[in-house]
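The chain contents come next:
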Amino acid sequence: MDNRFLYLRFSLHGLQTEKLLNAAKRENIRLRCISRKQDRTLICQCPKDQYPAFCDLCRCCGCHLTPLPPPRLSGMAFALCRNKWFLAGFLLFSFLIIYSLRLIWTVDILHAGPYEGDIRAYLMEQQIGPGTVKADIPLAKIQSHLEWRYPECAWIKVSFKGTSLQIEMTQGTLPPKMPDSDISGDVIAAQDGIVNSIVTFSGTPQVKPGDFIRKGQILILGEEKGMNGTTKPVRAQGQINARIWITQKAQISAWENLTLPTGNVHSRRVLHTPWGALSLTDKPDYTAYDLSVRHDVLGGTWFPLFISREKYEEIKVEKAVRSAEEVQKEAAQAAMILLERKLERNDVVVDKWVDYSMIEVESYAAEAVAEVLRDIGRFRAHHAGD
């Protein structure tokens, strides 16, 4: 330990303290922080290696020396000298902390959506992952490769955030596809239904309100009359609102499992290490049981050990018939959720209801039906038709 941090502090009493200070100066004994109290007591500090020589001068000059607590910095240095193993551990821990900050420990991919898995595969190909040195990761190169790899993304940013490699993406929005008026074609029905209203922008309508139509049927013909009774092909356009019916079915079991405790309880402790788990007792051979676990951490980041306390309570499982009203209500809710997922953004719901049925006393089925107004017209080019 450097002696410039190891100072001893003491007080001096006596009639020849001035003579003592002059003698210490002649002997090149470095004294510092000298102060005098009202009772003519001197308070000063002396380097540890010169303290024995200064004690000899005190006896020669007839002065009395009383040790005092060392200065704060020197006191910490003395404590570290007395606890060398603690000092070694502290230095090792500090080194590991500083070294770990040079690495990345997590890879965060934000707003990547369906591209996240492919991005992680790309990073694995480049051998970039937890434990990689930050200085070995070319951020600009990775960002350039990702921009080339995903041209449909509007913006990609690759950066470090603490010990994490962060890749943030902003997905682009494709411009709406404008119809090509030079391509002629018909408007056909996307599904079965009953025409509620029809508005024709171009072409010749083939149906009227109240007509029942089938999927694929021509609703607006891609032709218009010209001069002298001739016809010319055009791109048929229009809005055909039809009444359609959407159904979704959900089936719920009429039985439920009841668990009853038997009173048998088994407890055990498991020591978990990075190399496996160790326990002095085995799991009970209960057919069915409830398990509760409590974890007690023994170490931390650099000492990953913990004990799990497991409690097994044996149970027996019995089947019981559920309330018919409860099962029907649950089936209706499930069918309605499925029905909502089938609706499109611009649908107008006219009516909806639920029908129930029982299947061999084992389950109840609920069928949710919705009557909806929907634009079912879809363009089909002439060259893609018949």
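Everything numeric here is computed off the predicted structure, so don't read it as measured data.

## Comments concerning the overall build of the protein
A tally of regular secondary structure across the protein gives seven helices and 22 strands. In summary, the protein has a C-alpha radius of gyration of 43 Å against a globular reference of 21 Å for 386 residues, an excess of more than 25%. Overall, the protein is about 135 × 70 × 45 Å in size when its C-alpha atoms are taken along their principal axes. For the protein, the proportion of its 386 residues judged to be buried stands at 30%. For the protein, restricting intrachain contacts to residue pairs at least 6 apart in sequence, the fraction spanning at least 24 positions comes to 64%.

## Let's talk about helix α5 (residues 116–125)
Taken residue by residue, α5 has Ile119, Tyr122 and Leu123 as its buried positions. Taken down its axis, α5 places every buried residue within 100 degrees of arc, on the same side. For α5, exposure combined with an orientation more than 90 degrees from the buried face picks out Gly117, Met124 and Glu125. Buried residues along α5 sit against β5 (106–110), α6 (139–149) and β7 (164–171). Positive backbone phi, approximately 60 degrees, marks Gln127, located one or two places after α5.

## Digging into the pairing of strand β21 (residues 363–375)
The side chains of a regular strand alternate, residue by residue, between the two faces of the sheet. Among the 13 residues of β21, ten are classified as buried, and the element is accordingly described as predominantly covered. Of the pairings in the sheet, the one linking strand β15 (residues 237–253) to β21 comprises 13 bridges and is antiparallel in character. Paired with Gln251 across the strands is Ala365, a residue of β21. In this structure, strand β20 (residues 348–359) lies alongside β21, joined through eleven bridges in antiparallel fashion. Counterpart to Lys352 in the pairing with β21 is Ala370.

## Notes on helix α1 (residues 17–26)
For α1, the set of buried residues is Thr17, Leu20, Leu21, Ala23 and Ala24. Angular distribution of buried residues about the axis of α1 spans 165 degrees; they occupy a single face of the element. Residues of α1 that are exposed and point more than 90 degrees away from the buried face comprise Lys25 and Arg26. Close packing links the buried residues of α1 with β1 (7–13), β2 (32–36), β3 (42–47) and α2 (51–61). Downstream of α1 by one or two residues, Asn28 has phi in the positive range, about 60 degrees.

## Remarks on the sheet that holds β7
Spatial ordering of the open sheet is given by β5-β7-β6, a layout of three strands whose pairing is mixed. Whereas interior strands pair on both sides, the edge strands pair on one side only; in this sheet they are β5 and β6 (153–161). Within the sheet, the average angular offset between the axes of one strand and its neighbour, ignoring direction, is 10 degrees. Here β6 runs beside β7; their pairing, made up of eight bridges, is antiparallel. When the bridges of β7 are listed, Phe160 appears paired with Leu165. Those strands touched by α5 are β5 and β7, and its axis lies near 145 degrees from that of β5.

## Observations regarding the pattern of salt bridges
For the structure shown, the criterion picks out 17 salt bridges. The residue Arg36 makes a salt bridge to Glu18 at a minimum N-O spacing of 2.3 Å. With Arg36 in strand β2 and Glu18 in helix α1, the pair connects residues that are 18 residues apart, well separated along the chain. Here the salt bridges share partners, and the residues they tie into one network are Arg294, Asp296 and Arg309.

## Quick look at a nonpolar patch on the surface
Residues Phe86, Phe90 and Leu91 make up a contiguous nonpolar surface patch of about 340 Å² in total accessible area. With respect to the helices and strands, Phe86 occurs in helix α4 (residues 84–100). Residue Phe86 is classed as exposed on the basis of its relative accessible area, which comes to 54%.

## Quick word on the sheet that holds strand β19 (residues 306–321)
Taken in spatial order, the four strands line up as β17-β16-β19-β18 in an open sheet, and their pairing is antiparallel. The open sheet is flanked by β17 (276–278) and β18 (289–297), the only strands paired with a single partner. Recorded for the sheet is a direction-independent mean angle of 35 degrees between the axes of neighbouring strands. For strand β16 (residues 255–273) and β19, the ladder comprises 15 bridges, and the chain directions are antiparallel. Across the sheet, the residue bridging to Leu258 is Glu318, located in β19.

## Examining the confidence of the model for the protein
On average, residues of the protein score 85 in pLDDT, and 92% of them reach the 70 mark or higher. The secondary structure element of the protein with the lowest average pLDDT is helix α3 (residues 72–82), at 68, and the one with the highest is strand β11 (residues 212–213), at 93.

## Focus on the packing of aromatic side chains
Tallied over the full model, the rule gives five aromatic pairs. For the ring pair Phe10 and Tyr51, a centre distance of 6.0 Å and an interplane angle of 50 degrees mean the geometry is tilted. Highlighted residues: Phe10 in strand β1 and Tyr51 in helix α2, separated in sequence by 41 residues. Both rings, one in Phe95 and one in Tyr99, keep their centres 6.2 Å apart while their planes meet at 20 degrees; by these two values the pair is stacked. Of this pair, Phe95 and Tyr99 both sit in helix α4, four residues apart, roughly one helical turn. Here Tyr99 falls in the partly exposed class, since its relative accessible area comes to 39%. The side chain of Lys134 reaches across the aromatic face of Phe160, ending 5.8 Å from its centre. Over the aromatic face of Phe379 sits the side chain of Arg235, whose NZ or CZ is 3.8 Å from the ring centroid.

Each value, and the rule that gives it
Residues numbered from 1 in each chain as written. Predicted model: local features only at pLDDT ≥ 70, side-chain atom pairs only at ≥ 80, totals over all residues. Heavy atoms only, no water. Helix = DSSP H or I, 4+ residues; strand = E, 2+ residues; numbered from the N terminus. Rg over C-alpha atoms; globule rule 2.2 N^0.38 Å. Buried < 20%, exposed > 50% of the residue type's maximum accessible area, 1.4 Å probe, protein only. Contact = heavy atoms within 4.5 Å. Arc of directions from axis to C-beta. Pairing = 2+ DSSP bridges. Axes fitted to C-alpha atoms, helices over the stretch in contact; angles between N-to-C directions. Salt bridge = Lys/Arg side-chain N within 4 Å of Asp/Glu carboxyl O. Patch = residues over 30% accessible without salt bridge, like charges linked within 9 Å, V, L, I, M, F, W, Y side chains within 5 Å. Areas by Shrake-Rupley, 256 points an atom, 1.4 Å probe, with all protein chains shown as cover. pLDDT = per-residue confidence, 0-100. Phe/Tyr/Trp six-rings, centres within 6.5 Å; stacked < 30°, edge-to-face > 60°. Lys NZ or Arg CZ within 6 Å of the ring centre and 35° of its normal.

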